[in-house]
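Secondary and tertiary structure notes
Residues per chain, in single letters:
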Amino acid sequence: MKKIIIILCSIVAIACVSYGLLMTLSSQDDLKVERPQGEIGVLPFVDQKVMVEVMPGLRFKFDTGSDISTITEADLERLREMGMSVKKKFYPVVGRDGDGKTRVCFERYTVSMPLYDYGFVTDSVSGDVRAIARKATRNVVEGVDFAPSQTGYSVLGIDFIQKFKVAYDYMHGALRLYMDVPSGYEPFNRLYSSHSLSDGVWLGRRYYMDMRVNGEMRGFFCDTGIRTAMLKMSPESLPKASEGFPTDTVVTMVASYPALTNDSEWVEIGARGGNVKAYYYDNDEETYAFNPWNLFQQDCLIDFAGEEIYLRRYFDIPAQTPPLVASIEIVD
């Protein structure tokens, strides 16, 4: 019996030490911006508001559901060719990647990453939108930490995202990064982050927002990796009158999932209410989630560190959804 007690105590002690070591791990602590005043850079969306293109050929999934930022060897080589700093070092990393899979690796890269101030031009004949930036607008974010990608694509995870105030430019389908909240926005609703022991080991926080859906208040995870859907709902919460709901398929970076949809789900956020499109499906991730770029069909800004969502006081919503950019250019 004494041996069993000693063994159990040893296991508990090892678990506590391991948890303590994981809690000391950090990411993006050395991140700094060459020109931190005002707008730092513009990230045009190029794939259903999930992928952003930092510069021609350099794409990242912009994913608050990924605890860690990851990068492919091909993208590292692009940065090296540009003269950007790329340093490899031994550093344990634990977290969920862009595919939602828990990763454990023992090395990571610290790089400098260029950002540009893109303007948007619509072709008068084709209607295609081009994002164009001058080389002189280049800003540099130094000390960006990445784990090696195992998904085949690069990801800007929440460990990177939460360092910035992220403004969604609805009319141009782009994200604008700031260090401080710019003028023209008003507080709309609070976010909150998980403080559970299980989430404490991740390098980035998990952010949620309360919404009342069909009269029931729930906490919804902020997941910018969701394609198309405004809200993700659990199939277990389907209303009794759901018979006849249209079927659809939710396509993620990992797999496709059958879903039921409701185009007129009544949602209240703070003092505002309206009908949104909800998808009922299960993919073994967060049971309830929302993508702010799909939910807010207007300009908004998210201050993750300050746990606040902002909207513009006045915004004229266009009759049709603005198109995403068709091409990205950097000119002299």
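This text follows the structure it describes.
Residues numbered from 1 in each chain as written. Predicted model: local features only at pLDDT ≥ 70, side-chain atom pairs only at ≥ 80, totals over all residues. Heavy atoms only, no water.

Comments concerning the packing of aromatic side chains
- As enumerated under the stated definition, the model contains 16 aromatic pairs in all.
- Ring geometry for phenylalanine 45 versus tyrosine 168: centroids 6.3 Å apart, planes at 75 degrees, classification edge-to-face. With a gap of 123 residues between them, phenylalanine 45 in strand β2 (residues 39-47) and tyrosine 168 in strand β12 (residues 165-169) connect regions that are remote in the sequence.
- Judged by relative accessible area, phenylalanine 45 falls into the buried class, the value being 0%. (Phe/Tyr/Trp six-rings, centres within 6.5 Å; stacked < 30°, edge-to-face > 60°. Helix = DSSP H or I, 4+ residues; strand = E, 2+ residues; numbered from the N terminus. Buried < 20%, exposed > 50% of the residue type's maximum accessible area, 1.4 Å probe, protein only.)

With respect to the sheet that holds strand β9 (residues 129-134)
- What the three strands build is an open sheet, ordered β8-β9-β25; its pairing is mixed. Edge positions in the sheet fall to β8 (119-122) and β25 (327-331), since each of these pairs with one other strand and no more. For this sheet, the mean angle separating the axes of adjacent strands, direction not counted, is 30 degrees.
- Bridging between β9 and β25 involves five bridges; their strand directions are parallel. Paired with arginine 130 across the strands is serine 327, a residue of β25. (Pairing = 2+ DSSP bridges. Axes fitted to C-alpha atoms, helices over the stretch in contact; angles between N-to-C directions.)

Details of the side chain of threonine 72
- Within the fold, threonine 72 resides in the loop between β5 (70-71) and α2 (73-81).
- If sequence neighbours within four positions are ignored, threonine 72 has contacts with Ser149, Gly152, Tyr153 and Ser154. (Contact = heavy atoms within 4.5 Å.)

Some words on α2
- When we look at burial in α2, the residues that qualify are Asp75, Leu76 and Leu79. End-on, the buried residues of α2 take up no more than an arc of 105 degrees, which puts them together on one face.
- Structurally, α2 contributes buried residues whose contacts are with β4 (58-63), β5, β6 (86-96) and β7 (102-115).
- Of the residues one or two after α2, glycine 83 is the one with positive phi, at around 90 degrees. (Arc of directions from axis to C-beta.)

Concerning the environment of phenylalanine 164
- Residue position: phenylalanine 164 is located in the loop between α3 (158-161) and β12.
- For the pair formed by phenylalanine 164 and valine 181, sequence separation is 17 residues and the distance between their alpha carbons is 9.2 Å.
- Look past the residues within four positions of phenylalanine 164 in its chain and what remains in contact with it is Leu31, Val33, Ile40, Val141, Leu177, Tyr178, Met179, Ile302 and Phe304.

Quick notes on the side chain of threonine 261
- With respect to the helices, strands and loops of the structure, threonine 261 is situated in strand β20 (residues 256-269).
- Looking at threonine 261, the relative accessible area reads 4%, which means it is buried.

What to know about the pattern of salt bridges
- Enumeration according to the criterion identifies 22 salt bridges in this entry.
- In this structure, the salt-bridge partner of lysine 88 is glutamate 107, at a minimum N-O distance of 3.5 Å. Here lysine 88, found in strand β6, pairs with glutamate 107, found in strand β7; they are 19 residues apart in sequence, far enough to count as distant.
- A relative accessible area of 29% means that glutamate 107 is categorised as partly exposed.
- Among the salt bridges present, the one from glutamate 329 reaches arginine 130, with a minimum N-O distance of 3.1 Å. You can see glutamate 329 sitting in strand β25 and its partner arginine 130 sitting in strand β9, a full 199 residues away along the chain.
- A single network of salt bridges, built from pairs that share partners, joins Asp67, Arg96, Arg206 and Glu286. (Salt bridge = Lys/Arg side-chain N within 4 Å of Asp/Glu carboxyl O.)

Observations regarding the state of the cysteines
- Scanning the model with the defined rule gives zero disulfides in all.
- A disulfide-free cysteine, cysteine 222 has its sulfur positioned 9.1 Å from the sulfur of cysteine 300, the nearest such atom.
- Judged by relative accessible area, which is 1%, cysteine 222 ranks as buried.
- Residue class for cysteine 300 comes out buried when judged on its relative accessible area of 0%. (Disulfide = S-S within 2.5 Å.)

Interpretation note: all reported values are geometric properties and have no functional meaning in isolation.
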